[in-house]
Amino acid sequence: MMRISRMEVDNFKSLVDFSLDLPKFTCLIGLNGAGKSTILQCLDFLSRLVVRDGLDPWFDERGWKSRDLLSRLSGRSESIDFKVKFVDASQTLVGHWRGRYDPGVNACRDESVDIGGWTLSTVGDREVTIHKPGAEPQTERISFVYEGSILSQIREELLPAEILQLKGLIAGIQALDQLSPNELRRRAREASGTLGAGGRNLSALIHEMSEVERKALVERMRKAYPRLNELVTTQLQAGWKQLEILEDYETTSPGHLFEGPLATEARHINDGLLRVLAVFAELQSRHPVALFDEIENGINPELVELVMDSLVQAPKQIVVTTHSPMILNYLEDEVAKESVLYIYKKADGITRSIPFFDIPSIGEKLRFMGPGEAFVDTDLLRLGEEIDAISGAF
């Protein structure tokens, strides 16, 4: 299965000449304001470039304008340059996608995809060349003004399977950095396989699941909430879907007021259960990549280990951010060495990253402490001095 192995971006907010290697499971740590959430936003932005709906709905969701993405630290205001690399299941580099996003026209320029021997590239403003070595290049004239990436608009029948697979991977990045209990409680009409902004489609997403998928979700949830009996969705007027949970409680005590499982509508379900439900529902989705900001938010400490094990073992690629040492303590040492990346800002405000346990003092602590203990035992405010002293750290 193909996955993203590296992202390179220049001029996106605090990401200036920035690069990040992404293992299958990635955990971003660092001080507030270091740029962790910005990295998730950048990955989400790249995904929105290739979907047909364009970027405008994404900007509206976040209350941004296209030029808000440009860094104020670089001294450049023209474009955002990016390159994404991809590997296969054996970790072999199989291709890349690069381009230059121009906020003035809300579209990419100088864009190219190279994978499986196929090359797709833009020529000027209105032409695309698709070429496989040994064959004549095929040029497609674009007769309309498009937004985002050319991949969002070019007819899929013109694209080989390799490029379609790459496009599907990018488009399948699901950003859940804005999960909100209030949104998760909402009734929704349809989900089309996605939780939606803030998780607002949760009720419809569960309603659309097959019986097998819903049963698997219930079984996973029971590991966290043993009294959970069932997840029930009801279609109301105008197609709205309402979510309820059924829980088993003892009914033998004097004065009990109900028979059988107790039903609770989503509007009365506690925040933590809803958040865990959203995380587990996403793990069952068909999205190849999922992004979670501050994964520990609202989740009882007793459930963190279950959630983390589920994330690390998920077949899809996962990127999380956290401030919690507890999250790190549930990672095996070898997983932590590969997956935990420290995000920090230099004195000029530009974001940088380094594998946390590649920092000499931190790596030494890992010999005697757990990953989370090493995190707790570190003064992050002074860590930048050691990083600056490491030759070739960035």
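Just so we're clear, the structure is a prediction, and the values are computed from it rather than from any experiment. (Residues numbered from 1 in each chain as written. Predicted model: local features only at pLDDT ≥ 70, side-chain atom pairs only at ≥ 80, totals over all residues. Heavy atoms only, no water.)

Caption draft 1: Structural context of the sheet that holds strand β14 (residues 289-292). Ordered in space as β10-β14-β15-β3-β16-β17, the 6 strands form an open sheet in which the pairing is mixed. Of all the strands in the sheet, just β10 (173-176) and β17 (351-355) have a single pairing partner and so form its edges. Strand-to-strand, the axes of this sheet are offset by a mean angle of 20°, without reference to chain direction. Where strand β3 (residues 25-29) and strand β15 (residues 317-321) come together, 4 bridges link them in parallel fashion. Pairing of Thr26 across the sheet is with Val319, part of β15. Along the sheet face, helix α8 (residues 301-313) touches β3, β14 and β15 and points at about 130° away from the line of β3. (Pairing = 2+ DSSP bridges. Helix = DSSP H or I, 4+ residues; strand = E, 2+ residues; numbered from the N terminus. Axes fitted to C-alpha atoms, helices over the stretch in contact; angles between N-to-C directions. Contact = heavy atoms within 4.5 Å.)

Caption draft 2: Local environment of the sheet that holds strand β11 (residues 228-235). Taken in spatial order, the 3 strands line up as β11-β12-β13 in an open sheet, and their pairing is antiparallel. The open sheet has two free edges, formed respectively by β11 and β13 (262-265), since each of these has just one partner strand. Pairwise comparison of adjacent strand axes, ignoring direction, gives a mean angle of 25° for this sheet. Pairing geometry for β11 and strand β12 (residues 241-247), over 7 bridges, is antiparallel. Looking at β12, one finds that Leu228 is bridged to Glu247.

Caption draft 3: Expanded view of the packing of helix α7 (residues 271-283) against α8. Where α7 contacts α8, the two axes come as close as 11 Å, and the packing angle between them is 15°. Here α7 lies roughly parallel to α8, going by the angle between them. The two elements α7 and α8 cross, and the hand of that crossing is left-handed. Listed contacts from α8 to Val276, Val279, Phe280 and Leu283 of α7 are Leu303, Leu306, Val307, Ser310 and Leu311. Its residues assigned to classes, the contact of α7 with α8 comprises 8 nonpolar, 1 polar and no charged. (Parallel < 35°, antiparallel > 145°, perpendicular 65-115°, else oblique. Left-handed = near helix turned anticlockwise from the far one by under 90°. Nonpolar A, V, L, I, M, F, W, Y, C, P; charged D, E, K, R; others polar.)

Caption draft 4: The arrangement of a negative patch on the surface in detail. Taken together, the side chains of Glu305, Asp309, Glu332 and Asp333 present a region of like negative charge at the surface. Note on placement: Asp309 falls in helix α8. Its relative accessible area of 30% is what places Asp309 among the partly exposed residues. (Patch = residues over 30% accessible without salt bridge, like charges linked within 9 Å, V, L, I, M, F, W, Y side chains within 5 Å. Areas by Shrake-Rupley, 256 points an atom, 1.4 Å probe, with all protein chains shown as cover. Salt bridge = Lys/Arg side-chain N within 4 Å of Asp/Glu carboxyl O. Lys, Arg positive; Asp, Glu negative; His and termini not counted. Charge placed at Lys NZ, Arg CZ, Asp CG, Glu CD. Buried < 20%, exposed > 50% of the residue type's maximum accessible area, 1.4 Å probe, protein only.)

Caption draft 5: Spatial organisation of α8. Helix length check: α8 (13 residues) gives 19 Å between terminal C-alpha atoms against 18 Å at 1.5 Å per residue, within 8%. Among the residues of α8, Leu303, Val304, Val307, Met308, Ser310 and Leu311 are the ones counted as buried. Summarising the axial view, the buried residues of α8 lie within an arc of 160°, below the 170-degree limit, and thus occupy one face. Seen from the open side of α8, the exposed residues pointing more than 90 degrees away from its buried face are Glu302 and Gln313. Buried residues along α8 sit in contact with β3, α6 (211-224), α7, β14, β15 and α9 (325-329). (Expected span 1.5 Å × (residues − 1). Arc of directions from axis to C-beta.)

Caption draft 6: Seen up close, unusual backbone geometry. One non-glycine residue, Lys13, lies in the positive phi region at around 50°. Note on placement: Lys13 falls in the loop between β1 (3-10) and β2 (18-21). The partly exposed category is assigned to Lys13, whose relative accessible area is 22%. Its identity as a non-glycine residue notwithstanding, Asp17 has a phi of 50°, on the positive side. Within the fold, Asp17 resides in the loop between β1 and β2.

Caption draft 7: Main features of the pairing of β12. Taking burial as the measure, the 7 residues of β12 include 7 buried ones, the bulk of the element. The turn linking β11 back onto β12 is made up of 5 residues, and Ala238 within it adopts a positive phi angle of 65°. The sheet contact formed by β12 and β13 spans 4 bridges and is antiparallel. Following the sheet pairing, Glu244 is matched in β13 by Glu265.

Caption draft 8: Looking closely at helix α1 (residues 36-49). With 14 residues, α1 extends 21 Å from end C-alpha to end C-alpha; this agrees with the ideal 20 Å at 1.5 Å per step. In terms of burial, α1 is a largely internal element, 12 of the 14 residues being buried. The complete set of buried residues in α1 reads Lys36, Thr38, Ile39, Leu40, Gln41, Cys42, Leu43, Asp44, Phe45, Leu46, Ser47 and Leu49.

Caption draft 9: Layout of the pattern of salt bridges. Inspection of the entire model under this criterion finds 21 salt bridges. Ionic pairing is found between Glu8 and Arg6, a salt bridge with its closest N-O pair at 2.8 Å. Take Arg6: its relative accessible area is 22%, and that puts it in the partly exposed class. Arg48 serves as the salt-bridge partner of Asp44, at 3.7 Å between the closest nitrogen and oxygen. With a gap of 4 residues between them, Asp44 and Arg48 both fall in helix α1, about one helical turn apart. Each of Asp44, Arg48, Glu61, Arg62 and Asp177 takes part in one network of salt bridges that share partners.

Caption draft 10: Structural context of the packing of aromatic side chains. Scanning the model with the defined rule gives 10 aromatic pairs in all. Seen from their ring centres, Phe45 and Tyr101 are 5.1 Å apart, and the 80° between their planes marks the pair as edge-to-face. Taken as a pair, Phe45 in helix α1 and Tyr101 in strand β5 (residues 93-102) lie far apart in primary sequence, 56 residues in all. A relative accessible area of 1% means that Phe45 is categorised as buried. Of the residues examined, Tyr101 reaches a relative accessible area of 0% and is grouped as buried. Each ring, one from Phe356 and one from Phe357, has its centre 5.1 Å from the other, and the planes form 70°; the classification is edge-to-face. Classification of Phe357 as buried rests on a relative accessible area of 7%. Taken together, the aromatic side chains of Phe12, Phe45, Trp58, Phe59, Trp64 and Tyr101 make up a single cluster linked through ring pairs. Positioned above the aromatic ring of Phe280 is the side chain of Arg220, whose terminal nitrogen or guanidinium carbon lies 5.5 Å from the ring centre. (Phe/Tyr/Trp six-rings, centres within 6.5 Å; stacked < 30°, edge-to-face > 60°. Lys NZ or Arg CZ within 6 Å of the ring centre and 35° of its normal.)

Worth remembering: the numbers are spatial, not functional.
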